[in-house]
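Listed here are the chains, written in short residue letters.
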Amino acid sequence: MKQIKIIAPSSPAVGLTPEKMRRLAQSFEEIGWQCHLASHTLDSVRFLAGIDEHRAMDIMTAFADSSIDAVMTLKGGYGSNRLLDRLDYDEIRKHPKPFLAFSDGTALQNALWTRSGISGWSGFQATFFLNAPSSRLIQSLKNALDCKPFQTNGLSCLVTGKATGVSVGGTLSVLTGLIGTPYFPNMSGKILILEEVREEPYRVDRMLAQLRLAGVFNQIAGVVLGDFSSCIAKDPADGTIEEVLWDYFQNLTVPVATGLPYGHNMDHILIPIGQELTLDTIAGTLTQTNRI
(Lines give C-alpha, C1' and ligand atoms only; values in the text may rest on other atoms or scores of the structure.)
Protein backbone atom coordinates (compact mmCIF):
# COMPACT_ATOMS: atom_id res chain seq x y z
CA MET A 1 0.00 0.00 0.00
CA LYS A 2 1.34 3.44 -0.93
CA GLN A 3 2.14 5.92 1.83
CA ILE A 4 0.98 9.53 2.19
CA LYS A 5 2.24 12.01 4.78
CA ILE A 6 -0.23 14.53 6.21
CA ILE A 7 1.21 17.92 7.19
CA ALA A 8 -0.43 20.95 8.83
CA PRO A 9 1.18 24.14 7.46
CA SER A 10 -1.80 26.39 8.11
CA SER A 11 -4.44 26.67 10.85
CA PRO A 12 -4.79 24.23 13.75
CA ALA A 13 -7.01 21.17 13.51
CA VAL A 14 -9.56 22.21 16.11
CA GLY A 15 -11.92 19.38 17.07
CA LEU A 16 -10.01 16.64 15.29
CA THR A 17 -10.80 13.86 17.76
CA PRO A 18 -9.23 10.37 17.77
CA GLU A 19 -12.47 9.05 16.27
CA LYS A 20 -12.22 11.53 13.38
CA MET A 21 -8.59 10.57 12.88
CA ARG A 22 -9.64 6.93 12.59
CA ARG A 23 -12.20 7.95 9.97
CA LEU A 24 -9.52 9.78 8.03
CA ALA A 25 -7.20 6.78 8.12
CA GLN A 26 -10.00 4.46 7.00
CA SER A 27 -10.95 6.79 4.14
CA PHE A 28 -7.38 6.77 2.84
CA GLU A 29 -7.19 2.99 3.13
CA GLU A 30 -10.38 2.66 1.08
CA ILE A 31 -8.62 4.33 -1.85
CA GLY A 32 -5.46 2.29 -1.40
CA TRP A 33 -3.27 4.62 0.67
CA GLN A 34 -1.95 4.51 4.22
CA CYS A 35 -1.73 7.93 5.87
CA HIS A 36 0.82 9.08 8.43
CA LEU A 37 0.64 12.28 10.45
CA ALA A 38 3.67 14.53 10.54
CA SER A 39 5.18 15.04 14.00
CA HIS A 40 3.53 18.40 14.71
CA THR A 41 0.26 17.99 12.78
CA LEU A 42 -1.95 18.40 15.84
CA ASP A 43 -0.06 21.31 17.42
CA SER A 44 -1.78 24.64 18.02
CA VAL A 45 -0.30 28.10 18.62
CA ARG A 46 -2.71 31.03 18.31
CA PHE A 47 -4.20 30.77 14.79
CA LEU A 48 -1.48 28.41 13.56
CA ALA A 49 -0.91 24.66 13.69
CA GLY A 50 2.25 25.05 15.73
CA ILE A 51 5.33 27.25 15.53
CA ASP A 52 6.81 28.06 12.12
CA GLU A 53 9.99 26.04 12.70
CA HIS A 54 8.06 22.86 13.45
CA ARG A 55 5.64 23.22 10.54
CA ALA A 56 8.52 23.87 8.13
CA MET A 57 10.43 20.92 9.58
CA ASP A 58 7.45 18.64 8.93
CA ILE A 59 7.42 19.68 5.26
CA MET A 60 11.13 19.02 4.86
CA THR A 61 10.88 15.67 6.63
CA ALA A 62 7.93 14.57 4.49
CA PHE A 63 9.80 15.21 1.26
CA ALA A 64 13.07 13.68 2.50
CA ASP A 65 11.40 10.44 3.65
CA SER A 66 11.92 7.91 0.85
CA SER A 67 9.09 5.72 2.16
CA ILE A 68 6.53 8.47 1.49
CA ASP A 69 4.92 8.53 -1.96
CA ALA A 70 2.90 11.76 -1.67
CA VAL A 71 2.37 14.68 0.69
CA MET A 72 -0.99 16.28 1.55
CA THR A 73 -2.08 19.15 3.78
CA LEU A 74 -4.50 18.46 6.61
CA LYS A 75 -6.58 21.63 6.19
CA GLY A 76 -6.41 25.23 5.12
CA GLY A 77 -7.03 28.46 6.98
CA TYR A 78 -3.92 30.60 7.20
CA GLY A 79 -0.18 30.25 7.73
CA SER A 80 1.50 28.58 4.74
CA ASN A 81 3.05 31.83 3.51
CA ARG A 82 4.96 32.19 6.81
CA LEU A 83 6.94 29.06 5.93
CA LEU A 84 8.12 29.85 2.42
CA ASP A 85 11.45 31.38 3.41
CA ARG A 86 12.13 28.56 5.90
CA LEU A 87 12.25 25.75 3.32
CA ASP A 88 15.33 24.31 1.61
CA TYR A 89 14.09 24.17 -1.99
CA ASP A 90 17.32 22.64 -3.30
CA GLU A 91 16.89 19.74 -0.91
CA ILE A 92 13.20 19.33 -1.75
CA ARG A 93 14.10 19.19 -5.45
CA LYS A 94 16.13 16.04 -4.75
CA HIS A 95 13.02 14.22 -3.48
CA PRO A 96 10.19 14.95 -5.94
CA LYS A 97 6.76 13.62 -5.03
CA PRO A 98 3.21 14.87 -5.61
CA PHE A 99 2.03 17.60 -3.24
CA LEU A 100 -1.72 17.90 -2.69
CA ALA A 101 -3.24 20.97 -1.05
CA PHE A 102 -5.96 23.55 -1.38
CA SER A 103 -6.91 27.11 -0.40
CA ASP A 104 -4.14 28.40 1.91
CA GLY A 105 -1.94 25.66 0.45
CA THR A 106 -1.92 27.69 -2.79
CA ALA A 107 1.08 29.56 -1.36
CA LEU A 108 3.07 26.36 -0.85
CA GLN A 109 2.08 24.80 -4.16
CA ASN A 110 3.11 27.76 -6.26
CA ALA A 111 6.30 28.25 -4.24
CA LEU A 112 7.28 24.59 -4.54
CA TRP A 113 6.73 24.70 -8.29
CA THR A 114 8.58 28.00 -8.69
CA ARG A 115 11.59 27.14 -6.54
CA SER A 116 11.83 23.33 -6.76
CA GLY A 117 9.87 22.25 -9.83
CA ILE A 118 7.57 20.16 -7.63
CA SER A 119 4.17 19.69 -9.27
CA GLY A 120 0.99 18.62 -7.54
CA TRP A 121 -2.77 18.83 -7.33
CA SER A 122 -5.02 21.53 -5.90
CA GLY A 123 -8.50 20.82 -4.61
CA PHE A 124 -8.20 18.36 -1.72
CA GLN A 125 -6.98 18.30 1.86
CA ALA A 126 -7.27 15.45 4.33
CA THR A 127 -10.15 16.86 6.40
CA PHE A 128 -12.35 16.87 3.29
CA PHE A 129 -12.93 13.20 4.06
CA LEU A 130 -14.93 14.36 7.11
CA ASN A 131 -17.24 16.60 5.05
CA ALA A 132 -19.12 14.14 2.83
CA PRO A 133 -17.14 14.60 -0.40
CA SER A 134 -18.98 13.67 -3.57
CA SER A 135 -18.15 10.57 -5.56
CA ARG A 136 -16.80 12.88 -8.28
CA LEU A 137 -14.35 14.47 -5.84
CA ILE A 138 -13.19 11.09 -4.50
CA GLN A 139 -12.71 9.74 -8.02
CA SER A 140 -10.75 12.85 -8.96
CA LEU A 141 -8.52 12.34 -5.91
CA LYS A 142 -7.93 8.70 -6.84
CA ASN A 143 -7.07 9.70 -10.40
CA ALA A 144 -4.57 12.27 -9.13
CA LEU A 145 -2.88 9.87 -6.70
CA ASP A 146 -2.78 7.15 -9.37
CA CYS A 147 -1.14 9.60 -11.81
CA LYS A 148 -3.89 9.31 -14.39
CA PRO A 149 -3.91 12.02 -17.08
CA PHE A 150 -6.14 14.97 -16.23
CA GLN A 151 -9.00 16.01 -18.49
CA THR A 152 -12.24 17.87 -17.96
CA ASN A 153 -14.85 19.17 -20.37
CA GLY A 154 -18.00 21.25 -20.30
CA LEU A 155 -16.18 24.55 -19.84
CA SER A 156 -17.85 27.74 -21.08
CA CYS A 157 -16.04 30.02 -23.51
CA LEU A 158 -15.48 33.64 -22.57
CA VAL A 159 -12.65 34.33 -25.02
CA THR A 160 -12.18 31.99 -27.96
CA GLY A 161 -8.88 30.22 -28.47
CA LYS A 162 -6.53 27.36 -27.71
CA ALA A 163 -3.35 27.48 -25.64
CA THR A 164 -0.86 25.15 -24.00
CA GLY A 165 1.14 26.01 -20.90
CA VAL A 166 2.07 24.97 -17.39
CA SER A 167 -0.73 25.47 -14.87
CA VAL A 168 -0.34 27.85 -11.93
CA GLY A 169 -2.74 29.55 -9.55
CA GLY A 170 -5.34 28.36 -7.08
CA THR A 171 -7.09 30.56 -4.53
CA LEU A 172 -6.93 34.16 -5.77
CA SER A 173 -6.41 35.89 -2.43
CA VAL A 174 -3.53 33.58 -1.48
CA LEU A 175 -1.88 33.83 -4.89
CA THR A 176 -1.91 37.63 -4.91
CA GLY A 177 -0.18 37.56 -1.52
CA LEU A 178 2.88 36.15 -3.29
CA ILE A 179 3.27 39.03 -5.75
CA GLY A 180 6.63 40.73 -5.31
CA THR A 181 8.17 37.74 -3.54
CA PRO A 182 10.60 35.11 -4.87
CA TYR A 183 7.77 32.56 -4.62
CA PHE A 184 5.39 34.09 -7.16
CA PRO A 185 5.48 32.04 -10.37
CA ASN A 186 6.95 33.32 -13.60
CA MET A 187 3.67 33.84 -15.47
CA SER A 188 5.11 33.82 -18.98
CA GLY A 189 3.16 31.32 -21.08
CA LYS A 190 1.27 29.88 -18.11
CA ILE A 191 -2.34 28.69 -17.83
CA LEU A 192 -3.74 30.65 -14.88
CA ILE A 193 -6.43 28.87 -12.86
CA LEU A 194 -8.36 30.82 -10.23
CA GLU A 195 -11.09 30.31 -7.62
CA GLU A 196 -12.20 32.16 -4.49
CA VAL A 197 -14.67 31.99 -1.63
CA ARG A 198 -16.55 34.48 0.58
CA GLU A 199 -14.94 37.61 -0.83
CA GLU A 200 -17.15 40.53 -1.83
CA PRO A 201 -16.97 41.54 -5.51
CA TYR A 202 -15.05 44.74 -4.77
CA ARG A 203 -12.40 42.73 -2.93
CA VAL A 204 -12.06 40.32 -5.84
CA ASP A 205 -11.79 43.35 -8.10
CA ARG A 206 -8.91 44.66 -5.96
CA MET A 207 -7.05 41.35 -6.26
CA LEU A 208 -7.55 41.13 -10.02
CA ALA A 209 -6.39 44.73 -10.36
CA GLN A 210 -3.23 43.77 -8.51
CA LEU A 211 -2.60 40.91 -10.94
CA ARG A 212 -3.19 43.24 -13.89
CA LEU A 213 -0.91 45.94 -12.51
CA ALA A 214 1.78 43.31 -11.90
CA GLY A 215 1.67 42.54 -15.63
CA VAL A 216 0.27 39.03 -15.21
CA PHE A 217 -2.44 39.36 -17.86
CA ASN A 218 0.14 40.41 -20.44
CA GLN A 219 2.22 37.28 -19.84
CA ILE A 220 -0.16 34.33 -19.46
CA ALA A 221 -1.24 31.99 -22.25
CA GLY A 222 -4.76 31.39 -20.98
CA VAL A 223 -7.17 31.64 -18.05
CA VAL A 224 -9.56 29.10 -16.51
CA LEU A 225 -12.01 30.31 -13.87
CA GLY A 226 -13.43 27.97 -11.25
CA ASP A 227 -16.05 28.66 -8.58
CA PHE A 228 -16.23 32.02 -6.85
CA SER A 229 -18.40 30.65 -4.05
CA SER A 230 -20.43 33.03 -1.88
CA CYS A 231 -18.70 36.07 -3.38
CA ILE A 232 -21.78 38.20 -2.88
CA ALA A 233 -21.94 41.94 -2.28
CA LYS A 234 -23.50 43.17 0.97
CA ASP A 235 -24.83 46.13 -0.99
CA PRO A 236 -26.69 44.99 -4.15
CA ALA A 237 -25.67 48.25 -5.80
CA ASP A 238 -22.09 46.93 -5.89
CA GLY A 239 -23.09 44.42 -8.56
CA THR A 240 -22.20 40.76 -8.93
CA ILE A 241 -19.03 38.71 -8.99
CA GLU A 242 -19.82 37.77 -12.59
CA GLU A 243 -19.68 41.43 -13.60
CA VAL A 244 -16.25 41.78 -12.00
CA LEU A 245 -14.90 38.68 -13.72
CA TRP A 246 -16.26 39.69 -17.11
CA ASP A 247 -14.80 43.16 -16.69
CA TYR A 248 -11.28 41.78 -16.30
CA PHE A 249 -11.32 38.79 -18.61
CA GLN A 250 -13.69 39.27 -21.54
CA ASN A 251 -11.29 41.52 -23.44
CA LEU A 252 -8.09 39.56 -22.92
CA THR A 253 -6.27 38.47 -26.07
CA VAL A 254 -5.73 34.92 -24.74
CA PRO A 255 -8.33 32.13 -24.40
CA VAL A 256 -10.48 32.37 -21.28
CA ALA A 257 -12.86 29.67 -20.01
CA THR A 258 -15.30 29.64 -17.12
CA GLY A 259 -17.23 26.92 -15.36
CA LEU A 260 -14.33 24.79 -14.14
CA PRO A 261 -15.72 22.61 -11.29
CA TYR A 262 -12.97 23.65 -8.89
CA GLY A 263 -13.49 25.55 -5.66
CA HIS A 264 -14.65 25.54 -2.07
CA ASN A 265 -17.30 22.82 -2.12
CA MET A 266 -17.45 19.05 -1.80
CA ASP A 267 -18.45 18.37 -5.41
CA HIS A 268 -15.54 19.54 -7.51
CA ILE A 269 -12.37 18.11 -9.06
CA LEU A 270 -8.68 18.40 -8.39
CA ILE A 271 -6.67 20.44 -10.87
CA PRO A 272 -2.96 20.08 -11.67
CA ILE A 273 -0.46 22.71 -10.53
CA GLY A 274 2.90 22.83 -12.27
CA GLN A 275 1.84 20.52 -15.09
CA GLU A 276 1.40 21.20 -18.79
CA LEU A 277 -2.24 21.62 -19.86
CA THR A 278 -3.99 22.49 -23.09
CA LEU A 279 -6.99 24.78 -22.89
CA ASP A 280 -9.45 24.70 -25.79
CA THR A 281 -12.31 27.12 -25.17
CA ILE A 282 -14.13 26.13 -28.35
CA ALA A 283 -14.25 22.47 -27.37
CA GLY A 284 -14.68 23.45 -23.70
CA THR A 285 -11.83 21.21 -22.56
CA LEU A 286 -8.80 21.40 -20.29
CA THR A 287 -6.42 18.49 -20.85
CA GLN A 288 -3.11 17.41 -19.41
CA THR A 289 -0.60 17.22 -22.24
CA ASN A 290 2.63 16.42 -20.46
CA ARG A 291 3.45 15.38 -16.91
CA ILE A 292 6.41 17.44 -15.68
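Scroll up to find the structure this text is about.
Predicted model, so just to flag it, every value in this text is computed and none were measured.

A. Representation of the overall build of the protein chain. Regarding its fold elements, the protein chain presents eight helices and 14 strands. A compact globule built from 292 residues should have a C-alpha radius of gyration of about 19 Å, and the protein chain, at 18 Å, falls within 12% of that. For the protein chain, the C-alpha atoms occupy an extent of roughly 50 × 40 × 35 Å along the three principal directions. Burial status across the protein chain gives 58% buried among its 292 residues. Nonlocal contacts in the protein chain, meaning residues at least 24 apart in sequence, comprise 80% of its contacts between residues at least 6 apart. Of the roughly 12100 Å² of accessible surface on the protein chain, 48% is carried by carbon and sulfur atoms. Positive and negative side-chain charges of the protein chain, numbering 25 and 29 respectively, have mean locations separated by a distance of 4 Å.

B. Region of the structure containing the nonpolar core. Of all hydrophobic cores here, the largest spans 54 residues; its most connected members are Phe-99, Leu-192, Leu-194, Leu-208, Phe-217, Phe-228 and Phe-249. Among all residues touching Phe-228, those that are not within four sequence positions of it are Leu-172, Leu-194, Glu-195, Glu-196, Val-204, Ile-241 and Leu-245. Among the nonpolar cores identified, the runner-up in size contains 45 residues, and Met-21, Met-72, Ile-138 and Leu-260 belong to it.

C. A look at the sheet that holds strand E8 (residues 162–171). A sheet is described by the order of its strands in space; here eight strands give the open sequence E6-E14-E13-E8-E9-E10-E11-E7, paired in mixed fashion. The strands lining the two open edges of the sheet, one partner per strand, are strand E6 (151–152) and strand E7 (156–159). Strand contacts of helix H8 (residues 241–249): E7, strand E9 (191–197), strand E10 (222–229) and strand E11 (256–258), with the helix running at about 170 degrees to E10, the strand carrying the most contacts.

D. Just the side chain of Ser-103, in detail. Checked against the element boundaries, Ser-103 lands in the loop between strand E4 (99–101) and helix H4 (106–116). A relative accessible area of 14% places Ser-103 in the buried class. A polar contact is formed between the side chain of Ser-103 and the side chain of His-264, at a distance of 3.0 Å.

E. Molecular detail of the packing of aromatic side chains. The tally for this structure, following the rule as stated, stands at 10 aromatic pairs. Taken together, a centroid distance of 5.1 Å and an interplanar angle of 70 degrees make the contact between Phe-124 and Phe-129 edge-to-face. Phe-129 sits in the buried class, given a relative accessible area of 10%.

F. Representation of the packing of helix H7 (residues 201–213) against H8 in the model. Taken N-terminus to C-terminus, the directions of H7 and H8 make an angle of 15 degrees; their axes are 9 Å apart at the nearest point. Regarding the angle of H7 to H8, the classification is roughly parallel. As for how H7 packs across H8, the hand of that crossing is right-handed. Contacts between H7 and H8 involve Pro-201, Val-204, Asp-205, Leu-208, Ala-209 and Arg-212 from the former and Ile-241, Val-244, Leu-245, Tyr-248 and Phe-249 from the latter. Residues of the contact of H7 with H8, tallied by class, amount to nine nonpolar, no polar and two charged.

G. Structural detail: H8. Within H8, the full set of buried residues consists of Ile-241, Val-244, Leu-245, Tyr-248 and Phe-249. The arc enclosing the buried residues of H8, seen along the axis, measures out at 110 degrees, which places them on a common side. Residues of H8 that are buried make contact with E7, E9, H7, E10 and E11.

H. Main features of the sheet that holds strand E2 (residues 33–37). Strands sit in the order E2-E1-E3-E4-E5-E12 across an open sheet of six strands; the sheet is mixed. The open sheet terminates on both sides in strands that have one partner only, identified here as E2 and strand E12 (271–273). Going from strand to strand, the sheet's axes swing by 25 degrees on average, the running direction of each strand aside. Against the sheet, helix H1 (residues 18–30) touches strand E1 (2–7), E2 and strand E3 (70–73), its axis set at about 145 degrees to E2.

I. Spotlight on the pattern of salt bridges. Under the defined criterion, the tally for this structure stands at nine salt bridges. In this structure, the salt-bridge partner of Asp-52 is Arg-82, at a minimum N-O distance of 2.9 Å. With Asp-52 in helix H2 (residues 52–64) and Arg-82 in the loop between E3 and helix H3 (89–93), the pair connects residues that are 30 residues apart, well separated along the chain. Assessed through its relative accessible area of 30%, Arg-82 is described here as partly exposed. For Glu-53, the salt bridge is made with Arg-86, and the minimal N-O distance between the two is 3.3 Å. With Glu-53 in helix H2 and Arg-86 in the loop between E3 and H3, this residue pair connects regions lying 33 residues apart in the sequence. Linked through salt bridges whose partners overlap, the residues forming this network are Asp-52, Glu-53, Arg-55, Arg-82 and Arg-86.

Definitions and limits used
Residues numbered from 1 in each chain as written. Predicted model: local features only at pLDDT ≥ 70, side-chain atom pairs only at ≥ 80, totals over all residues. Heavy atoms only, no water. Helix = DSSP H or I, 4+ residues; strand = E, 2+ residues; numbered from the N terminus. Rg over C-alpha atoms; globule rule 2.2 N^0.38 Å. Buried < 20%, exposed > 50% of the residue type's maximum accessible area, 1.4 Å probe, protein only. Contact = heavy atoms within 4.5 Å. Areas by Shrake-Rupley, 256 points an atom, 1.4 Å probe, with all protein chains shown as cover. Lys, Arg positive; Asp, Glu negative; His and termini not counted. Charge placed at Lys NZ, Arg CZ, Asp CG, Glu CD. Core = buried A, V, L, I, M, F, W, Y, C linked by side-chain atoms within 4.5 Å. Pairing = 2+ DSSP bridges. Axes fitted to C-alpha atoms, helices over the stretch in contact; angles between N-to-C directions. Polar contact = N/O pair within 3.5 Å; in protein donor to acceptor, adjacent residues only side chain to side chain. Phe/Tyr/Trp six-rings, centres within 6.5 Å; stacked < 30°, edge-to-face > 60°. Parallel < 35°, antiparallel > 145°, perpendicular 65-115°, else oblique. Left-handed = near helix turned anticlockwise from the far one by under 90°. Nonpolar A, V, L, I, M, F, W, Y, C, P; charged D, E, K, R; others polar. Arc of directions from axis to C-beta. Salt bridge = Lys/Arg side-chain N within 4 Å of Asp/Glu carboxyl O.

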